[in-house]
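Here is how the chains run, residue by residue.
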Amino acid sequence: MVIPIYSGTPGKEQAEAEMQFSLRVFLDSAPPTVRIIHSGHACNIEEERYTERVYTIREGETLELACLVSGHPRPQIRWTKTAGSASDRFQDSSVFNETLRITRIQRHQGGRYYCKAENGLGSPAIKSIRVDVYYLDDPIVTVHQSIGEAKEQFYYERTVFLRCMANSNPPVRYSWRRGREFLSQGSDKGVEIYEPFFTQGETKILKLKNLRPQDYANYSCIASVRSVCGIADKNVLFKLSNRTASPTIKLLVEDPIVVNPGQTVTLVCVTSGGDPTPTLTWVHNTDELPKKSVLNGGTLTLPAISTEEAGVYSCVASNNVGNPAKKSTTIVVRGLKKGRFWITPDPYHNDDNIQIGREVKISCQVEATPPEELLFSWLKNGRPLRSSERMVITHTDPDVQTGTTNLDIIDLKFTDFGTYTCVAVLKNGGIPEISIDVNISSTTVPPELTVPRGKSPLVVQEGDTVELQCLVSGKPKPIILWSRADKEVPMPDGGLQTESYDGALRIVNVSREMTGTYRCATSQYNGFNVKPREALVDLTVQYPPAVEPLFTEIRQGLGRAFTLNCRMLRAHPSKVLKYEWKLGTRLLTVGQLDQSDETEYHVRALNREGYGEYTCEVTNEAGAGACRFLVTGRAYAPEFYYDTYSALWQNRPRVYGFKLQWTQQNPLSVDRIVAYRLGIKQTGQSRWWEQEIPMEGAIAKGELITHNLTELIKPEAYLVRLTPITRFGEGDSTDRIIRYSAPVNPHLREFQCSFEDEAVCMFTQDKTEDFDWTRHSAATRNTKYTPNTGPSSDRVGSKQGFYMYIETSRPRLEGEKARLLTPTFNVAPKSPYGTVTSSPTYCFGFYYHMYGKHIGALKAYLRQKGQSGADSSVWTLVGNQGDRWKQAKVNIHPTASFQLVLEGIRGPGIEGDIAIDDVTIEEGECKDPPPNNLRSLAPPTAHHIWQLLVTLTLMFVGHQR
């Protein structure tokens, strides 16, 4: 059957994709295998021992790693990372796709990356690659003088040390220059250059012994990582003179600075010395400055300061000479907070009540800033109260503990009853006072706690709002503290204690985890300083049955028997559980769970009316839990086979074919699959073409089904959708993308590339070399500057045709190289099981054009997977070969996956362009290789020499006649 596929490209004709059914074979499921390949901007990739790979990349470039997997069913891929530091997270998650891409990679993102593939068969396949991020920061020069020799003139006839440091990877190499003169160890007796042992190459110190007049100069430190990854050297200049000195500063403020909240505070810091001119910075408690602060040079302004912004502010001056200068001041923001009181009955009697004739103490506590400004006063019934023999007022030392004042009433009398007020103020005013009233009377009694009748135990439904109550009596009423009886279990709000002023604890949306015993207790604050009173409240939270499975899909064919099972996991209350089985809204059966915690429903022979959603509801007083089962005849999705050998082939220039293979997931679980619906469309287009593919007989598990897709337009990609069909109807679909790439060991066992497409048949440039090959045609190539070199057409004589060439004009230099790499090819297996039984032979051929008086060299190399040594040279040609295309052929014998490398080397001048075209790789030995195939010629034998002499003799005799 023929299906039209529109190319979607202007100027192209409509093409056709022919889908031909082929032989079905059986395929065992295969565990996953995995390998990692790279792209992006790698500087270098090294193969180390024990199969570890190191990928080197410059900071700021794009990291791109692809995880190539095989296995059936298609394995799931997951990227993870172990970082260089424990605090570094791989974006706090894993990446679940084949390609890991990090744009503008940073140094902290270096580390070992793992690709894990698993499909449920065997152990997961895991490969790793270490990513090494290279960088070089600007160097910094710091200057120091020998300790003990420092005087006012910091560098007058003294030994000076210039230390250069730069953060880098790989380790940096330092060099020093004085003016234009490079300094090295031994080049000047007054100069010593060394690396301290303990720094392990992190710095290089220039020591100027007993400073001389010529030592006052400009010093440059050059930091280099030897141009790895194209990272340029960096340098820093330091001018050393007799005025060079470490920084000194002055703070034009008091210490401490005491202010009221809301005031604007200005801190001024000025430099009083230092050369070069120091840089001033401010820090707050060794941390960042408040967000609303304003910094202008050495002046820091804090508008509308708050208590949170109080603390130590430090001005730091640095000029990389000596040690930084630092001066600090403390800002104190005045304030009062947390006023509270407690009453202590006579401590000499074992009685918690206040009684006439005994002692009673009233304590009042306030937190004050600054504490030394705190002042307390007492009032009785609104009148000032002074300390006396019976009314003793004392204050604690505010430097020792939080400010507290005590009023001891000795020999309590009836006339002492009344309202006592504790008043706290700050000495200089400006802050509102705090006053606390405490009533002492015959009704002032210690607290008692009780739980109202019927409020314990409490039984509620999950999700309700519940209020736990403790009634508190006594005067004054203290704060109530709620906690769990098991003190290690947190409260509903997450804390260990919850304060309540009315004795109630309200819980919204109560959950089953909140079942338990709760304790309410009196606090000593705002009440009696006596042993806390306690009470307990039991809370029981009822919840509906939790069942399993919550949802299960069951696929069955008509006429088959099956059983549905619903199991109760937990419930409260767990007794008197009822169940109901339904199909849709139709009731099937009811019952009660007495001895068992599960129920079953049996279907003896499934008919069409038996398809649908089955529900089993298990209920108790709190509600119902439901098991749901969707019984369907839908077929499972097919599973595409991604490891097809030579899946893509190309036998005509503008089209390609693809061998589509798949297996059917669980084919025997439903009715026989009678057909597949195959849909195909170009990616980016909306139009689908569909075809039904009939299937003869039942499909067995593991059976590999094949269709060939032909007449696919090159280089378009296609979305393919496959849907199984049974007498129930359509099953689950599965999609895959088919992308064009240069065929690897294609169907015709050959590879051809004439560079007509921009994709250049998946050839790639070697970015580690000096420059690149260029794709060009004679119609667009500019020969204005180099008319005596390069081809005037492609290999077949067309000026519109394309080829690849190296441009040797400036800025190219003699000996510079450009390398072009073919795609990676798999060695074609000879056995039906896909294994290589012997080293195959391939013929590698291409056309070359080497015309010009400055032609360098053209070389070909064989690169094989798993061989970390140098590439194997297979062909070489040097010098001018004339203004014409010539063919080269050479036999190669790879034993593993391989690439061919074409290397162009620039000669001594600009007339040295080298071009290549029509590259081919064919299975089998080369037929009639041309004589310029230097590497493939065998040494002449004696028989060959004898034949040549006979031929020359006959030619000579014929000429004489």
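Keep in mind that this is a model prediction, so the values were computed, not measured. (Residues numbered from 1 in each chain as written. Predicted model: local features only at pLDDT ≥ 70, side-chain atom pairs only at ≥ 80, totals over all residues. Heavy atoms only, no water.)

1. A short note on the overall build of the protein chain
As a reminder of what qualifies: Secondary structure elements are taken from DSSP: a helix is a run of H or I of four residues or more, a strand is a run of E of two residues or more, and numbering for both begins at the N terminus. Here's how the labels work: a residue is buried when its accessible area is under 20% of the maximum for its type, exposed when over 50%, partly exposed in between, all with a 1.4 Å probe on protein chains only. We call two residues contacting when some pair of their heavy atoms lies within 4.5 Å.
A tally of helices and strands in the protein chain yields 1 helix and 73 strands. Expressed as a percentage of its 961 residues, the buried residues of the protein chain come to 45%. In the protein chain, once contacts between residues fewer than 6 apart in sequence are set aside, the share between residues at least 24 apart is 70%.

2. Some thoughts on the nonpolar core
Test applied: Throughout, nonpolar core names a set of buried Ala, Val, Leu, Ile, Met, Phe, Trp, Tyr and Cys residues whose side chains join them through atoms within 4.5 Å.
Within the largest apolar cluster, 36 residues are counted, with the highest numbers of intra-cluster contacts made by Phe763, Phe844, Phe846, Leu858, Trp875 and Ile916. Among the elements that take part in this core, strand E68 (residues 842-850) stands out by supplying 5 residues, more than any other. Core analysis: the next-biggest nonpolar cluster, separate from the first, contains 30 residues, Ile354, Tyr420, Val438 and Ile440 among them.

3. So, the packing of aromatic side chains
The condition that has to hold: Centres within 6.5 Å are what make two rings of Phe, Tyr or Trp a pair, Trp counting through its six-membered ring; a difference in plane orientation under 30 degrees is then read as stacked, over 60 as edge-to-face, and the rest as tilted. Throughout this description, the term charge over a ring refers to an Arg CZ or Lys NZ atom that lies within 6 Å of the ring centre and within 35 degrees of the ring normal.
Applying the stated criterion to the full structure yields 19 aromatic pairs. Plain terms: the ring middles of phenylalanine 751 and phenylalanine 763 are 6.3 Å apart, the flat faces sit at 40° to each other, and that makes the pair tilted. Placement of the pair is phenylalanine 751 in strand E63 (residues 750-753) and phenylalanine 763 in the loop between E63 and strand E64 (764-765), with a sequence separation of 12 residues. Each member of the pair, phenylalanine 751 together with phenylalanine 763, is buried. Ring centres 5.2 Å apart and planes at 80° place the aromatic pair phenylalanine 846 and tryptophan 875 in the edge-to-face group. You can see phenylalanine 846 sitting in strand E68 and its partner tryptophan 875 sitting in strand E70 (residues 872-878), a full 29 residues away along the chain. The two residues phenylalanine 846 and tryptophan 875 agree in class, both being buried. Among the aromatic residues, those joined into a ring-pair cluster are Phe751, Phe755, Phe763, Phe825, Tyr842 and Phe898. The residue whose ring lies beneath arginine 340 is tyrosine 525, and the NZ or CZ to ring-centre distance is 4.1 Å. The ring of tyrosine 861 has arginine 819 lying over it, and the distance from NZ or CZ to the ring centre is 4.8 Å.

4. A word on the sheet that holds strand E15 (residues 173-178)
Convention followed: Strands qualify as paired when DSSP identifies two bridges or more between them. Fitting a line to C-alpha atoms yields each axis, with helices limited to the stretch in contact; the angle taken between N-to-C directions then spans 0 to 180 degrees.
Here 4 strands make up an open sheet; going across it, the order is E16-E15-E19-E20 and the pairing antiparallel. Either end of the sheet is taken by a strand with one partner, and the two such strands are strand E16 (181-183) and strand E20 (234-239). Each neighbouring strand pair of the sheet contributes to a mean axis angle of 30°, computed without reference to strand direction. Relative to E16, E15 is paired through 3 bridges, and the arrangement is antiparallel. Looking at E16, one finds that tryptophan 176 is bridged to leucine 183.

5. Quick look at the confidence of the model for the protein chain
Stated formally: Every residue carries a pLDDT, the predictor's confidence in it, which falls somewhere between 0 and 100.
Averaged over every residue, the pLDDT of the protein chain is 84; residues scoring 70 or more account for 86%. At the level of individual helices and strands, the protein chain shows its lowest average pLDDT in strand E1 (residues 2-5), which scores 34, and its highest in strand E60 (residues 718-726), which scores 97. Contacts of residues 1-23 to residues separated by more than four positions or lying in other chains number 69 contacts, the stretch itself having pLDDT below 50. Per-residue pLDDT stays below 50 along residues 148-156; that stretch engages in 22 contacts with residues further than four places along the chain or on separate chains.

6. Focus on the pairing of strand E28 (residues 325-333)
As paired strands, strand E22 (residues 257-259) and E28 are joined by 3 bridges and run parallel to one another. Each residue of the ladder has a partner; that of valine 258, found in E28, is valine 332. Bridge count between strand E27 (residues 311-318) and E28: 7 bridges; the pairing is antiparallel. Bridging from a neighbouring strand, alanine 317 pairs with alanine 325 of E28.

7. Here we look at the state of the cysteines
Each disulfide is one covalent bond, formed between the sulfur atoms of two cysteines. Rules: The disulfide definition used here is simple: a pair of cysteine sulfur atoms within 2.5 Å.
Within the structure shown, the criterion is met by 8 disulfides. Shown here is the disulfide that connects cysteine 67 with cysteine 115, its sulfur atoms set 1.6 Å apart. Residues cysteine 67 and cysteine 115 share a disulfide whose torsion about the S-S bond is about -85°; that sign makes it left-handed. Taken together, the positions of cysteine 67 in strand E7 (residues 63-72) and cysteine 115 in strand E10 (residues 111-118) put the pair 48 residues apart, joining distant regions of the chain. Residue class for cysteine 67 comes out buried when judged on its relative accessible area of 1%. Under the relative-accessibility criterion, cysteine 115 is labelled buried at 0%. Here cysteine 616 stays free of any disulfide, with the sulfur of cysteine 566 as its closest cysteine sulfur at 3.7 Å. Assessed through its relative accessible area of 0%, cysteine 616 is described here as buried.

8. Focus: the environment of valine 34
Mapped onto the elements, valine 34 comes out in strand E4 (residues 30-40). Each C-alpha atom of the pair valine 34 and leucine 68 lies 5.7 Å from the other, and the pair is 34 residues apart in sequence.

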